[in-house]
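# Chain and residue survey
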Amino acid sequence: MRKIKVGLIQQSNTSDIRVNLMNLAKSIEACAAHGAQLIVLQELHNSLYFCQTENTNLFDLAETIPGPSTGFYSELAAANKVVLVTSLFEKRAPGLYHNTAVVFDRDGSIAGKYRKMHIPDDPAYYEKFYFTPGDIGFEPIQTSLGKLGVLVCWDQWYPEAARLMTLKGAELLIYPTAIGWESSDTDDEKARQLNAWIISQRAHAVANGLPVISVNRVGHEPDPSGQTNGILFWGNSFVAGPQGEFLAQAGNDRPENMVVEIDMERSENVRRWWPFLRDRRIDEYEGLTKRFY
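Note that the structure is predicted; figures quoted are calculated from it, not measured.

### Thoughts on the overall build of the chain
Per the secondary structure count, the chain includes five helices and 15 strands. For 293 residues, the compact-globule formula gives about 19 Å, and the C-alpha radius of gyration of the chain, at 18 Å, lands near that figure. With respect to the principal axes defined by its C-alpha atoms, the chain has extents near 50 × 50 × 40 Å. Considering only residue pairs separated by 6 or more positions, the chain has 69% of its internal contacts joining residues 24 or more positions apart.

Set out below in structure tokens:
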């Protein structure tokens, strides 16, 4: 049987980027020491989540790819012999920036990258100010462990993204993410938001017959503008199997590393029982390319 061990690093970030990098390095080493072959980091893990405000000075956080961060994570991937999924603020050109996942193979080489396609613009999540939508499509990244369907945060609400990755041969769906609660929300509303986030991603696992890995940040990060009370990132990183079953789930109140074994052959069996891809009516789906009817 083909099985792989996946490490999820749910981290609480500080304003000191160097501290964040050192914490990540320790966590990567710890997951690798517990047998992880694939390690996934949360969205924009180098810094605080800077999109709570619109500030042109924050574009200074962006880096070229390749650049300093890709060098740092390349060395970590090679030293620990792991496939590593990272999430970086990419400077493509002056005035042109992306939210980009970069995947490193076990030898430290860049296996590929994915630029976030769906960009939100909500209170405390002003990402359209910073990020140009991706332009390299929904392409799985080939690694020594298989084809990874890497998407990023807001992409996780879109079944089209998960389906296209699946149709192009992805063996896992992976979501680095940064999502949480604003303190003025009621407890009932917070529960609804969290459950919707979990349900939508488990549904991608079921509809596509694939494991899903979702890695969220955790902890409170203040709003520098003072307009809100900041974001309490809700953690709850998890791995779901191809029937949506939980294989592991982190808590919502602290940093946590998890190493989870995934049976990569289970997808084949599940798709034989539930042949959703066989029964798709592709002759009737042309309307999906329209905005609305």
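### Some details on the sheet that holds strand 13 (residues 238-240)
With respect to topology, six strands assemble into an open sheet ordered 6-7-8-10-13-14, the strand pairing being mixed. If you trace the sheet from one side to the other, it starts and ends with strand 6 (141-143) and strand 14 (246-249), each paired once. Across the sheet, the axes of successive neighbouring strands diverge by a mean angle of 20°, strand direction being ignored. Sheet analysis places strand 6 next to strand 7 (residues 146-150), joined by three bridges and oriented antiparallel. Residue pairing in the sheet places Ile141 in a bridge with Leu148 of strand 7. Contacting strand 7 and strand 8 (172-177), helix 3 (residues 159-167) crosses the sheet at an angle of about 140° to strand 8.

### A few points about the pattern of salt bridges
Enumeration over the complete set of coordinates arrives at 17 salt bridges. Note that Lys168 and Glu139 form a salt bridge whose closest N and O atoms lie 2.7 Å from each other. Residue Lys168 is found in the loop between helix 3 and strand 8, and its partner Glu139 is found in the loop between strand 5 (110-115) and strand 6; the two are separated by 29 residues along the sequence. What emerges from the salt-bridge pattern is a single network uniting Glu90, Arg92, Lys113, Arg115 and Asp135.

### Observations concerning the sheet that holds strand 15 (residues 256-263)
On the basis of which strands lie adjacent, the open sheet formed by six strands has the order 5-4-3-2-1-15 and mixed pairing. Each edge of the sheet is formed by a strand with only one pairing partner; in this case those strands are strand 5 and strand 15. Along the sheet, successive strands turn relative to each other by an average axial angle of 30°, direction set aside. Bridge count for strand 1 (residues 3-10) against strand 15 is eight bridges, and the pairing is antiparallel. Bridging from a neighbouring strand, Lys5 pairs with Glu261 of strand 15.

### Describing the UniProt feature "domain: CN hydrolase" (unreviewed entry) in the chain
When the UniProt feature table is mapped onto this chain, "domain: CN hydrolase" (unreviewed entry) is found at residues 4-264. The span residues 4-264 carries 23% helix and 31% strand; its end-to-end C-alpha distance comes to 7 Å.

### Description of the packing of helix 3 against helix 4 (residues 187-208)
Contact geometry for helix 3 and helix 4: axes closest at 10 Å, N-to-C directions at 35°. Between helix 3 and helix 4 the crossing geometry is right-handed. Here Pro159, Ala162, Arg163 and Thr166 of helix 3 lie close against helix 4, whose contacting residues are His204, Ala207 and Asn208. When grouped by side-chain class, the residues that make up the contact of helix 3 with helix 4 number three nonpolar, three polar and one charged.

### Thoughts on unusual backbone geometry
With an omega of 0°, the peptide bond between Ile65 and Pro66 qualifies as cis. Structurally, the position occupied by Pro66 is in the loop between strand 2 (38-41) and helix 2 (68-80). In this model, Lys81 sits at a positive phi of 55°, which is unusual for a non-glycine residue. Here Lys81 lies in the loop between helix 2 and strand 3 (83-93). Accessibility expressed as a relative area gives 61% for Lys81, which makes it exposed. One non-glycine residue with positive phi stands out, namely Asn236, at about 60°. Take Asn236: it is sitting in the loop between strand 12 (231-234) and strand 13. Overall, Asn236 belongs to the buried group, its relative accessible area being 9%.

### Brief notes about the side chain of Asp105
Structurally, the position occupied by Asp105 is in the loop between strand 4 (96-104) and strand 5. Buried Asp105, no salt bridge; nearest opposite-charge side chain is Arg106, N-O distance 4.5 Å.

The rules behind the values
- Residues numbered from 1 in each chain as written.
- Predicted model: local features only at pLDDT ≥ 70, side-chain atom pairs only at ≥ 80, totals over all residues.
- Heavy atoms only, no water.
- Helix = DSSP H or I, 4+ residues; strand = E, 2+ residues; numbered from the N terminus.
- Rg over C-alpha atoms; globule rule 2.2 N^0.38 Å.
- Contact = heavy atoms within 4.5 Å.
- Pairing = 2+ DSSP bridges.
- Axes fitted to C-alpha atoms, helices over the stretch in contact; angles between N-to-C directions.
- Salt bridge = Lys/Arg side-chain N within 4 Å of Asp/Glu carboxyl O.
- UniProt positions renumbered as here; feature names shortened; annotations may be inferred.
- Left-handed = near helix turned anticlockwise from the far one by under 90°.
- Nonpolar A, V, L, I, M, F, W, Y, C, P; charged D, E, K, R; others polar.
- Buried < 20%, exposed > 50% of the residue type's maximum accessible area, 1.4 Å probe, protein only.
- Lys, Arg positive; Asp, Glu negative; His and termini not counted.

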